[in-house]
Amino acid sequence: EQQAGVFGRAFAMLGVSGAMLWRARRVPCPADPRAARACVRLRRFSAGLWAGALGCTLLGAMFAFVLPQLG
């Protein structure tokens, strides 16, 4: 079926985006205090959003590949 391809692409894209987040973690935020707070808040939000996407993709893969083998 096409499930393996869909989940393979999803995990590949999550890997690419995770690598981009990891590389950007040390990039300095702006000197302006207001912009710096927004920068830090956006980084935390992005990391949380990425973790949520990874969790949802893992859950979907479990339903697509693991649970059918059990039943």
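Residues numbered from 1 in each chain as written. Predicted model: local features only at pLDDT ≥ 70, side-chain atom pairs only at ≥ 80, totals over all residues. Heavy atoms only, no water.

Participant: Looking at this structure, how should I read helix α1 (residues 3-24)?
Facilitator: Since the α-helix turns once every 3.6 residues, residues separated by three or four places project in the same direction. A rise of 1.5 Å per residue sets the reference length of α1, with its 22 residues, at 32 Å; its end C-alpha atoms lie 31 Å apart and thus fit the reference within 8%. Every buried residue of α1 is listed here: Phe7, Leu14 and Gly18. End-on, the buried residues of α1 take up no more than an arc of 35°, which puts them together on one face. Across α1 from its buried face, at more than 90 degrees, point the exposed residues Arg9, Met13, Met20 and Arg23. (Helix = DSSP H or I, 4+ residues; strand = E, 2+ residues; numbered from the N terminus. Expected span 1.5 Å × (residues − 1). Buried < 20%, exposed > 50% of the residue type's maximum accessible area, 1.4 Å probe, protein only. Arc of directions from axis to C-beta.)

Participant: Teacher, can you tell me more about the packing of α1 against helix α2 (residues 33-70) here?
Facilitator: Packed helices, taken two at a time, are described by their axes: the angle between them and the distance between them. Running from N to C, α1 and α2 cross one another at 160°; their axes reach a closest spacing of 11 Å. Taken as axis vectors, α1 and α2 run roughly antiparallel relative to one another. In this structure, α1 crosses over α2, and the sense of that crossing is left-handed. For the pair α1 and α2, the contacting residues are Gln3, Ala4, Phe7, Ala10, Phe11, Leu14, Ser17, Gly18, Leu21 and Ala24 in the first and Arg43, Ser46, Ala47, Trp50, Ala53, Leu54, Thr57, Leu58, Gly60, Ala61, Ala64 and Phe65 in the second. The residue inventory of the contact of α1 with α2, partitioned by class, reads 15 nonpolar, 6 polar and 1 charged. (Axes fitted to C-alpha atoms, helices over the stretch in contact; angles between N-to-C directions. Parallel < 35°, antiparallel > 145°, perpendicular 65-115°, else oblique. Left-handed = near helix turned anticlockwise from the far one by under 90°. Contact = heavy atoms within 4.5 Å. Nonpolar A, V, L, I, M, F, W, Y, C, P; charged D, E, K, R; others polar.)

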